[in-house]
Amino acid sequence: SSPPMSEWIDLTMRISEESPTLPPLHPKAEFEDFATLEEDGYNSTMLHMETHCGTHMDAPCEFLPKNESRTIDEVTVDEMVAEGVICKFTDKEPNDSISREELEEQAEQYDLSAGEYLIIDCGMKPEDTDLYKRNYVYPEKESVEYMVEKDIACLAMDAPSVDKWNVPFDELYIH
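This text gives an overview of the structure that appears in the document. (Residues numbered from 1 in each chain as written. Predicted model: local features only at pLDDT ≥ 70, side-chain atom pairs only at ≥ 80, totals over all residues. Heavy atoms only, no water.)

Observations concerning the overall build of the protein
Along its length, the protein carries four helices and seven strands. Dimensions of the protein, computed from C-alpha atoms along their principal axes, come out at roughly 60 × 35 × 35 Å. The proportion of buried residues among the 175 residues of the protein is 34%. Contacts in the protein between residues far apart in sequence, at least 24 positions, make up 62% of those at least 6 positions apart. (Helix = DSSP H or I, 4+ residues; strand = E, 2+ residues; numbered from the N terminus. Buried < 20%, exposed > 50% of the residue type's maximum accessible area, 1.4 Å probe, protein only. Contact = heavy atoms within 4.5 Å.)

Structure below.
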């Protein structure tokens with residue numbers, strides 16, 4: 001079995017109006033003064049944000065009927081703290097894919113077990129650039145089959161999507 005977790009890694013990033021998103025499907029976050037100290041005696045901000053902004057987790061129901069799968073508010077915080085395996089693909093070129101063989105080779109080194117999280121590190125820095133938003137590294141369909149066979153609980157990546165950029169909805173194999 002896997003060794004005990006030796007390091008906590010916070011995968012979150014700040015949300016701002018500059019946070020990279022994938023428009024037009026996913027608009028930028030907007031901040032608006034709701035109350036100000038000068039006019040109302042206190043400061044409060046209204047945040048308008050689509051759920052795919054910044055660090056986000058796709059709801060189990062994203063591509064399934066809501067009455068058959070959980071919505072994001074039904075996922076508990078306890079479920080988001082888990083042991084996991086980090087596989088590094090920082091040597092990949094923009095828009096490269098990760099093959100099943102490449103993923104399996106790395107994951108087996110760390111004894112990826114059922115119920116664990118798989119974190120794929122592609123060395124991507126969240127930026128509002130074409131490189132980050134459209135030319136990121138992504139797993140191939142066969143890599144997803146491996147993840148299912150291993151019964152991993154969750155996949156995390158440092159890219160704006162787990163699927164290749166701009167594929168039709170019926171080809172979003174990982175989603």
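Concerning the sheet that holds strand β5 (residues 117-121)
Strand order in this open sheet of three strands is β3-β5-β7, and the pairing throughout is parallel. In the strand order of this sheet, the two ends are held by β3 (84-88) and β7 (154-157), each with one partner. Shown here is a sheet whose adjacent strand axes are inclined to one another by a mean of 20°, direction ignored. Of the pairings in the sheet, the one linking β3 to β5 comprises five bridges and is parallel in character. Residue pairing for β5: Cys 87 is matched across the bridge by Ile 120. Those strands touched by helix α2 (residues 100-109) are β3 and β5, and its axis lies near 130° from that of β3. (Pairing = 2+ DSSP bridges. Axes fitted to C-alpha atoms, helices over the stretch in contact; angles between N-to-C directions.)

Side note on the packing of α2 against helix α4 (residues 141-150)
Two numbers describe how α2 lies on α4: the axes approach to 8 Å, and their chain directions differ by 35°. Two secondary-structure elements touch here, α2 through Arg 100, Leu 103, Glu 104, Ala 107 and Glu 108 and α4 through Glu 142, Ser 143, Glu 145, Tyr 146, Met 147, Glu 149 and Lys 150.

Quick word on α2
Listing the buried residues of α2 in full gives Arg 100, Leu 103, Gln 106 and Ala 107. Buried residues of α2 fall within an arc of 145° about the axis and therefore sit on the same side. What points out from α2, more than 90 degrees from its buried face, is the exposed set Glu 101, Glu 105 and Gln 109. Elements that come into contact with the buried residues of α2 comprise β3, β4 (97-98), β5 and α4. (Arc of directions from axis to C-beta.)

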